[in-house]
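Residue-level structural notes
Here are the chains, one letter per residue:
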Amino acid sequence: MVESAPLWAALLVPPALAALALVAAAGDAALGARATGRPLTGALAIPLRETARLLVQQRRAVVAADRLLGAAGPALVFVAALLAALVVPVGGRAVLDLSYGIVWFNAAEVLVWAGLWLTGWGSNSPYGLAGGYRYIALGLAYELPHMFALITAALGAESLRVADVAAAQSGLWFVAWMPVAFAAFLLSALAISFVGPFGQAVGRDLAGGVLVEVSGPDRLLLLAGRYLLLAVTAAVGAVLFLGGDSGPFLPGFAWLLLKTVVLLALLVGARRLLPVLPLQRLEEVAWVLVIPLTILQALLVAIVVLAR
Amino acid sequence: MELSGALRRLAAGRPHALLAVAPGGTAARLAVERELRERGWPEAASPADADLLVVCGRPGGDLADAVDRVWAQLPSPRVRLEISGPEDATRALDSAQELLAARSEPRRGLRPPAKPTGGHGGGHSQHGNGDGEEMRIAGLPLADRAPDRDGLKLDRLELPLGPVLTDWPAGLVLTTQIQGDVIQEAEVDVVGEESAEPFWSEPWLRASDGEPVTAGEAARRRAARRLDSLGRLLMVAGDERGALVARIARDRLVAGSDAAAVEEELTRVGRTLRGSRLLRWAWNGLGTIPAELAAELGVGGDVHARALRWLDEAEAAVASLGDEDELGGAADDPAGRARALLDALPQLVAGVELGEARLIVASLDPDVDELGAIPAVRHG
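Residues numbered from 1 in each chain as written. Chains lettered and ligands numbered in written order. Predicted model: local features only at pLDDT ≥ 70, side-chain atom pairs only at ≥ 80, totals over all residues. Heavy atoms only, no water.

Notes on the overall build of chain B
Within chain B, the secondary structure is distributed over 13 helices and 9 strands. Here chain B holds 380 residues, and 54% of them are scored as buried. Here the contacts in chain B between residues at least 6 apart in sequence split such that 69% fall between residues at least 24 apart. Looking at chain B as shown, the accessible area adds up to about 16900 Å², and 49% of this sits on carbon and sulfur atoms. (Helix = DSSP H or I, 4+ residues; strand = E, 2+ residues; numbered from the N terminus. Buried < 20%, exposed > 50% of the residue type's maximum accessible area, 1.4 Å probe, protein only. Contact = heavy atoms within 4.5 Å. Areas by Shrake-Rupley, 256 points an atom, 1.4 Å probe, with all protein chains shown as cover.)

Structural notes on unusual backbone geometry
Of the consecutive residues Ser76 of chain B and Pro77 of chain B, the connecting peptide bond is found in the cis state with omega at 0 degrees. Within the fold, Pro77 of chain B resides in the loop between helix H3 (61-73) and strand E3 (79-83). The residue Glu158 of chain A is not glycine, and still its phi comes out positive at about 55 degrees. Mapped onto the secondary structure, Glu158 of chain A falls in the loop between helix H6 (126-157) and helix H7 (162-167). The phi angle at Phe194 of chain A is positive, at roughly 40 degrees, despite the residue not being glycine. Positionally, Phe194 of chain A belongs in the loop between helix H9 (179-192) and helix H10 (216-241).

A look at the sheet that holds strand E6 (residues 144-147) of chain B
Strands pair in a sheet through their backbones, by hydrogen bonds, and they do so in one of two ways: parallel or antiparallel. Residues and elements named next belong to chain B. Reading across from one edge, E6-E7-E8-E9 is the order of the 4 strands in this open sheet, with antiparallel pairing throughout. Pairing within the sheet leaves two strands with one partner each, and these edge strands are E6 and strand E9 (182-190). Neighbour to neighbour, the strand axes of the sheet diverge by 35 degrees on average, direction disregarded. Across 5 bridges, strand E7 (residues 153-161) lies against strand E8 (residues 172-179) in antiparallel orientation. Bridge pairing in E8 places Leu159 opposite Thr176. With respect to the sheet, helix H12 (residues 334-349) is in contact with E8 and E9, its orientation differing from that of E9 by roughly 170 degrees. (Pairing = 2+ DSSP bridges. Axes fitted to C-alpha atoms, helices over the stretch in contact; angles between N-to-C directions.)

Quick look at the packing of aromatic side chains
Residue and element names in this part refer to chain A. This structure, assessed with the given rule, holds 8 aromatic pairs over all chains. Relative to Trp177, the ring of Phe174 has its centre 5.6 Å away and its plane inclined at 90 degrees; by these criteria the two rings are edge-to-face. You can see Phe174 and its partner Trp177 sitting in helix H8 (residues 174-177), 3 residues apart, about one turn around the helix. For Phe174, a relative accessible area of 2% translates into the label buried. Under the relative-accessibility criterion, Trp177 is labelled partly exposed at 23%. (Phe/Tyr/Trp six-rings, centres within 6.5 Å; stacked < 30°, edge-to-face > 60°.)

So, the nonpolar core
One finds Leu240 and Phe241 of chain A together with Leu273 and Trp283 of chain B to be the most contacted residues of the largest nonpolar core, which totals 116 residues. With 14 residues, the single largest contributor to this core is H10 of chain A. Here Phe241 of chain A is in contact with Ala149, Ala153, Gln169, Trp173, Phe174, Val175, Met178, Ala181, Phe182 and Phe185 of chain A, once residues within four sequence places are set aside. If you look at the next biggest cluster of nonpolar residues, it comprises 32 residues, including Ala207 of chain A together with Val190, Val349 and Val361 of chain B. (Core = buried A, V, L, I, M, F, W, Y, C linked by side-chain atoms within 4.5 Å.)

Re the side chain of Ser159 of chain A
All names here are of chain A. Positionally, Ser159 belongs in the loop between H6 and H7. A distance of 2.8 Å separates polar atoms of two side chains, one belonging to Ser159 and the other to Asp164. With residues up to four places along the chain from it excluded, the contact list for Ser159 reads Ile102, Ala154, Asp164 and Val165. (Polar contact = N/O pair within 3.5 Å; in protein donor to acceptor, adjacent residues only side chain to side chain.)

A word on a positive patch on the surface
On the surface, a cluster of positive charge is contributed by Arg34 of chain A together with Arg241, Arg268 and Arg271 of chain B. Overall, the relative accessible area of 64% leaves Arg34 of chain A in the exposed class. (Patch = residues over 30% accessible without salt bridge, like charges linked within 9 Å, V, L, I, M, F, W, Y side chains within 5 Å. Salt bridge = Lys/Arg side-chain N within 4 Å of Asp/Glu carboxyl O. Lys, Arg positive; Asp, Glu negative; His and termini not counted. Charge placed at Lys NZ, Arg CZ, Asp CG, Glu CD.)

Concerning helix H4 (residues 67-85) of chain A
Since there are 3.6 residues in each turn of an α-helix, residues three or four apart along the chain are aligned in direction. Taking 1.5 Å per residue, 19 residues should reach 27 Å; H4 of chain A reaches 28 Å between its end C-alpha atoms and fits that length. What H4 of chain A keeps buried is the set Gly70, Gly73, Pro74, Val77, Ala80, Ala81, Ala84 and Ala85 of chain A. (Expected span 1.5 Å × (residues − 1).)

Digging into H12 of chain B
All names here are of chain B. Its 16 residues place the ends of H12 23 Å apart at the C-alpha level, agreeing with the 22 Å of an ideal helix rising 1.5 Å per residue. Of all the bends in H12, the largest measures some 25 degrees and sits at Asp343, one to four residues before the proline Pro346. Restricting attention to buried positions, one finds in H12 the residues Pro334, Ala335, Ala338, Leu341, Leu342, Ala344, Leu345, Pro346, Leu348 and Val349. Where the residues of H12 are buried, they touch E8, E9, helix H10 (291-297) and helix H13 (354-364). Positive phi appears at Gly351, one or two residues downstream of H12, with a value of about 80 degrees. (Bend = angle between axes of the 7 residues up to and from the residue.)

Comments concerning the interface of chain A and chain B
Each partner contributes to the interface: chain A provides 48 residues, whereas chain B provides 65 residues. Here chain A meets chain B over a buried area of about 4600 Å², counting both sides, of which 58% is carbon and sulfur. Our count for the contact surface shared by chain A and chain B stands at 6 salt bridges. The tally of links from chain A across to chain B stands at 16 residue pairs in polar contact (both at pLDDT 80 or more). Going through the elements one at a time, helix H1 (9-36), helix H3 (46-56), H6, H10, helix H11 (252-273) and helix H12 (279-307) of chain A are the ones with two or more residues in the side of chain A that touches chain B. (Buried area = accessible area lost by both parts, 1.4 Å probe.)

Structural notes on the packing of helix H6 (residues 215-237) of chain B against helix H11 (residues 303-319) of chain B
All names here are of chain B. In the contact formed by H6 and H11, the axes pass within 8 Å of each other and the chain directions differ by 150 degrees. By the angle between their axes, H6 is roughly antiparallel relative to H11. In terms of crossing hand, the pair formed by H6 and H11 is left-handed. Judged by residue contacts, Ala219, Arg222, Ala223, Arg226, Leu227, Ser229, Leu230 and Leu233 of H6 engage Val303, Ala307, Trp310, Leu311, Glu313, Ala314, Ala317 and Val318 from H11. (Parallel < 35°, antiparallel > 145°, perpendicular 65-115°, else oblique. Left-handed = near helix turned anticlockwise from the far one by under 90°.)

Examining a negative patch on the surface
Residue and element names in this part refer to chain B. Together, Asp62, Asp65, Glu187 and Asp189 make up a region of like negative charge exposed at the surface. Elements represented by at least two residues in the negative patch include exactly H3 and E9. Inspection of the secondary structure assignment puts Asp65 in helix H3.

What follows is the structure, encoded as structure tokens:
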């Protein structure tokens, strides 16, 4: 039913994702401007100014830093987001139409862990290292509910192929009967992208944490990679829980874009809504509340699938 | 080259600034922070993130060396500014922006400094490996090992917090020994305090010199100080928006606005601190000061309780801005208070995670400037 898109379609993925990421970054800047009472027009140029700034900025080196790993980390975050995007079906076609597409997406996200940890390690700074520790602790606590949420959607469709999950929602969107999995998916997406209340790994209390020694193009890769990651997570969320490109009147592509933008706005908005919370509290929330709830959700969906 | 020039001009529209504040530089810092906020220029979290190094006040001695080391860590294009008084801020930042847009430096990798940039001075011979000769990599001592709180032997690193650190008391250096991200022990040091004039206790000191000072003037300064500390605490906690609101109110008070002008901001900070159940839950029990120490210091509770007390004091002070009475009565002893807070820090941060330690320091906000203050004359 679904076929792989032609190879040249892979070339469209980076610009499409970059455009979404740019919209998200501009939206975030606009929210920031509104909070401080500054004009919105200037805010929209902020992502471009930041990009220009980091492109002309010098790379830094620290005594005895691990330069290879320190440079590989940010690049890995960026590449991981692009890899994750390959399995998103647009108009019924994905660049990589894998029978295990959901596993591919999740594996790409786990690469982000490695990327961030390597960046912190490579800086040879106690701040960077402590930021890395924080991200690993946070990643473990929120990767589990994330996986359970993904598995729940796959269970509902009885397939790990992303396009099959989209097709299985022709009657009813998955968000309607697996709302807990959907909420956990969004929450853990914030944690994996280390934004908003989950920003401890790059916190000001650690002088920037993982980012403490990162400058110039490396910093650009990492910060842009974070927005790419948010964008691709929003797109996958739209496919897995909001019916993908199904919808009346408009073409499928437009529906997918609309749903993705709505989810992206939600993720970016949540980032500004809450302050950074102490890590130990977030760990509590994950292990005591979110993980058991997502397991229960998966169990419920499994029973429904077996019974029908 | 044409392209990189265009990129540079685009980037210069929004440079990131790292503040290095010397004791006595409070007035300059307030002016710079206000100017940065109004221009929408972000405050960098570390040298790697900065285009501008803004030195507030006049750093002397060890602090001057530390500022030089930080300057060596800024990636180019970069500009260093020395701002000794609040009146210089606007002009200096304008000229820095022009320099950033115009400057074209050869793009090469930033050379690592020949000497390690971490600690300052020696006196830590216990970190050698025993036979008198330390193991070193690229001039840096290797981490030593020591038993941790669970009885394991773990790597132990020396990490100096300060003196150039964002949202950190000027001139304070907390030399910590960390294992993982937990502080095992800490030592307090103060650098560059030579010519410090305490900005925050200035009205009281003037009054004790016999100058006529109204109680309202002193209240204005106290309210601004509390809001400044609250802004710093919120910044460390990662609530940048809350911090900006507190600083807007602070700057209006410093500029001489009346109570009505800061009412809305105070309400917003109050909503963040008092109204937010989330924050209450998140900060609950964080950085609690033991009861016996609390009695000695005059401050207790956890981080949240201390923040609420600051807010109460700020609101009370704003309510009495119009007080025309002469400042009198029992003046307190700012130097003694600052000294007690500094002396208590090592005890309070021992065994605490780095982020929590930052919150503890921010929630006490000792003012190094006051150390040199002559204890106010007590009259009547």
